[in-house]
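The chain contents come next:
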Amino acid sequence: LSAADAIHVFPNPSSGRFTLVIANAVKQSEIEIYNVMGEKVTWGVIPNGVKNFIIDLSSHPNGIYFLFVKWTNPSYGGQVNSEQESFTKEIIISR
């Protein structure tokens, strides 16, 4: 599966709570979320095997945010390597 097929975010737009669904959740994943100013507003680690992950941005103002998901390789101690896959998605908070 390509990264675009492997990850879905819904609802989008939302009031601040998003569900991240990872189709092939066998690798540890890291998420980072940035606002339009390029400031990191939150980050987290999704453990191996977790397929549904709730992202709660309800304390953040309306606007456009960028979700960046990257797969880390547990055999390298969770460090990023050049073969790592990543995925970027625009998410919108609108109340």
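Think of each chain on its own: its residues are numbered from 1, step by step along the sequence as written. Where local features are concerned, this predicted model is filtered to residues with pLDDT of at least 70; where side-chain atom pairs are given and counted, the filter is 80 or more; whole-chain, interface and lining totals use all residues. In computing side-chain values, all of the structure's heavy atoms are included and hydrogens and water are not.

**Some words on the side chain of Asn35**
Of note, Asn35 is situated in strand β3 (residues 29–35). Whenever a nitrogen or oxygen atom comes within 3.5 Å of another N or O atom, the pair is scored as a polar contact, on the condition that within protein one atom can donate a hydrogen and the other can accept it, and that pairs from neighbouring residues in sequence are kept only if both atoms are in side chains. Within the structure, Asn35 has its side chain in polar contact with the side chain of Glu39 (distance 2.7 Å). We call two residues in contact when some of their heavy atoms are within 4.5 Å. The residues contacting Asn35, other than those within four sequence positions of it, are Val41, Ile64, Tyr65 and Phe66. Only DSSP runs of H or I reaching four residues or more are called helices, and only runs of E reaching two or more are called strands; each is numbered from the N terminus.

**Details of the pattern of salt bridges**
Whenever Lys or Arg places a side-chain nitrogen within 4 Å of a carboxyl oxygen from Asp or Glu, that contact is recorded as a salt bridge. If you walk through the whole model with that rule in mind, you get 4 salt bridges. In this structure, Lys70 engages Glu30 in a salt bridge whose closest nitrogen and oxygen atoms are separated by 3.7 Å. Residue Lys70 is located in strand β6 (residues 63–71), and its partner Glu30 is located in strand β3; the two are separated by 40 residues in the primary sequence. We call a residue buried when its accessible area falls under 20% of the maximum for its residue type, exposed when it is over 50%, and partly exposed in between, using a 1.4 Å probe and counting protein chains only. With a relative accessible area of 15%, Lys70 lands in the buried category. Its relative accessible area of 18% is what places Glu30 among the buried residues. For Lys40, the salt bridge is made with Glu32, and the minimal N-O distance between the two is 3.5 Å. Classification of Lys40 as partly exposed rests on a relative accessible area of 43%. Connected through shared salt-bridge partners, Glu30, Glu32, Lys40 and Lys70 make up one network.

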